[in-house]
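The residues making up each chain are set out below.
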Amino acid sequence: MSERAEAVGTPVREGLTATVGTWLGECIARLAAGAQASVAAVRIRLTPAAGPAPLVAQVNAEISGRRIRVQVAAPHLNALLDRLAGRLAKCFAQASRGWSPRPWPDPEGTAVRAVPPVLPGVEPRIVRVKTPQLVWCSPAVAAMTMDAMDYDVHLFTDPDTERDAVVYRVGPTGYRVARTVAAGPPQRSGVPLTLSAHGVPRLDEAQAVERLRRTESPFLFFARPGSDRGRVLYRRFDGHYGLIEGAR
């Protein structure tokens, strides 16, 4: 195993971060040996629990040249390590045998991603905005990326419509594609995709926050008025919101 590990945490939790980092290195070494995989550029970020928010750990790495990301949340360290071990084991198994559709429904994923409310009296708001360069790819490739990066939704540019689109985890197959404009089924998909045949609403940020607040959905896919660029508003583990929009 070729590994370059980096642990990131807050000063008050340096001891806890070091504990998780040591455990993670040993866990990855065992998994890599079993899968005959090479591992590089391992990075762990630990976010301490605050108020009703859980302890959150995020691991980024390369397994046999493939980028992977695992993010889990738990109320205490033992549960966090158990969930990390389970997610990492699945990543290594997939790296050794190639991609296959993830089981659906995924009760483990639902439990891990349960979002707590923010502190009493605090209004949820957008606290982080990401503007990645969106990849131009098929919905099938986007679904594979979503799985590798442990996302529940993935924003990309759909070549069939030349518009922004998302794949996300939902029934009945666990993979669904939606575009900013109404369109037909994707061409030549090797993934069991279902289709949202309708376009998405044009909303500003305040309208999107209000609409998501009134639902139990983990995210909202919508378009920016005027430019029609696709945007994803999602719930964070701390109960606030994050926003993703492709770089202009």
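This structure is a prediction, so every number in the text was calculated from the model and none was measured.

The next subject is the sheet that holds strand 10 (residues 219-223). Backbone-to-backbone hydrogen bonds join strands into a sheet, with any given pair of strands oriented parallel or antiparallel. Taken in spatial order, the 4 strands of this open sheet run 5-12-11-10, and their pairing is mixed. The open sheet is flanked by strand 5 (126-130) and strand 10, the only strands paired with a single partner. Neighbour-to-neighbour, the strand axes of the sheet open up by a mean angle of 20°, direction not taken into account. Pairing of strand 11 (residues 230-235) with strand 12 (residues 241-245) involves 5 bridges; the strand directions are antiparallel. Pairing of Tyr 234 across the sheet is with Gly 242, part of strand 12. Contacting strand 5, strand 10, strand 11 and strand 12, helix 5 (residues 205-213) runs over the sheet at an angle of about 45° to strand 11.

Another point: the pattern of salt bridges. Summed over the entire model, instances satisfying the criterion amount to 12 salt bridges. Salt-bridge contacts for Arg 179 lead to Asp 160; the nearest nitrogen and oxygen are separated by 3.9 Å. Residue Arg 179 is found in strand 8 (residues 176-179), and its partner Asp 160 is found in the loop between strand 6 (153-158) and strand 7 (163-168); the two are separated by 19 residues along the sequence. Given a relative accessible area of 39%, Asp 160 falls into the partly exposed group. Residue Glu 210 is joined to Arg 214 by a salt bridge in which the shortest nitrogen-to-oxygen separation is 3.4 Å.

Reading across from one edge, 6-7-8-9 is the order of the 4 strands in this open sheet, with mixed pairing throughout. Edge strands, defined here as strands with exactly one partner in the open sheet, are strand 6 and strand 9 (194-196). Across this sheet, the average inter-strand angle for adjacent strands is 25°, counted without regard to direction. Pairing of strand 7 with strand 8, which is carried by 4 bridges, proceeds in the antiparallel orientation. Bridge assignment links Val 166 to a residue of strand 8, and that residue is Ala 178. Seen against the sheet, helix 4 (residues 139-148) touches strand 6, strand 7 and strand 8 and runs at an angle of roughly 150° to strand 6.

With that settled, consider the environment of Val 200. Along the polypeptide, Val 200 turns up in the loop between strand 9 and helix 5. Among all residues touching Val 200, those that are not within four sequence positions of it are Arg 179, Thr 180, Phe 221, Phe 222 and Ala 223.

With that out of the way, let us pick up the packing of aromatic side chains. Any aromatic ring pair is given by two values, namely how distant the centres are and how the planes are angled relative to each other. A complete count under the given rule lists 2 aromatic pairs for this structure. Each ring, one from Trp 99 and one from Tyr 175, has its centre 6.1 Å from the other, and the planes form 65°; the classification is edge-to-face. Taken together, the residues span a long stretch of sequence, with Trp 99 in the loop between helix 2 (77-97) and helix 3 (107-112) and Tyr 175 in the loop between strand 7 and strand 8 at a distance of 76 residues. Looking at Arg 169, its charged tip hangs above the ring of Tyr 175, at a distance of 4.8 Å from the centre.

Core analysis: the largest hydrophobic core is formed by 29 residues, its most contacted members being Leu 24 and Phe 92. Listed by contribution, the elements that provide at least two residues to this core are helix 1 (14-35), strand 2 (39-47), strand 3 (55-63), strand 4 (66-74) and helix 2. Of the residues forming this core, the biggest block, 8 residues, is contributed by helix 2. Discounting chain neighbours no more than four positions away, the residues touching Leu 24 are Val 42, Ile 44, Val 59 and Leu 88. Val 153, Val 166, Ala 178 and Phe 221 belong to the second largest nonpolar core, which has 13 residues in total.

Reading the values: rules and limits
- Residues numbered from 1 in each chain as written.
- Predicted model: local features only at pLDDT ≥ 70, side-chain atom pairs only at ≥ 80, totals over all residues.
- Heavy atoms only, no water.
- Pairing = 2+ DSSP bridges.
- Helix = DSSP H or I, 4+ residues; strand = E, 2+ residues; numbered from the N terminus.
- Axes fitted to C-alpha atoms, helices over the stretch in contact; angles between N-to-C directions.
- Contact = heavy atoms within 4.5 Å.
- Salt bridge = Lys/Arg side-chain N within 4 Å of Asp/Glu carboxyl O.
- Buried < 20%, exposed > 50% of the residue type's maximum accessible area, 1.4 Å probe, protein only.
- Phe/Tyr/Trp six-rings, centres within 6.5 Å; stacked < 30°, edge-to-face > 60°.
- Lys NZ or Arg CZ within 6 Å of the ring centre and 35° of its normal.
- Core = buried A, V, L, I, M, F, W, Y, C linked by side-chain atoms within 4.5 Å.

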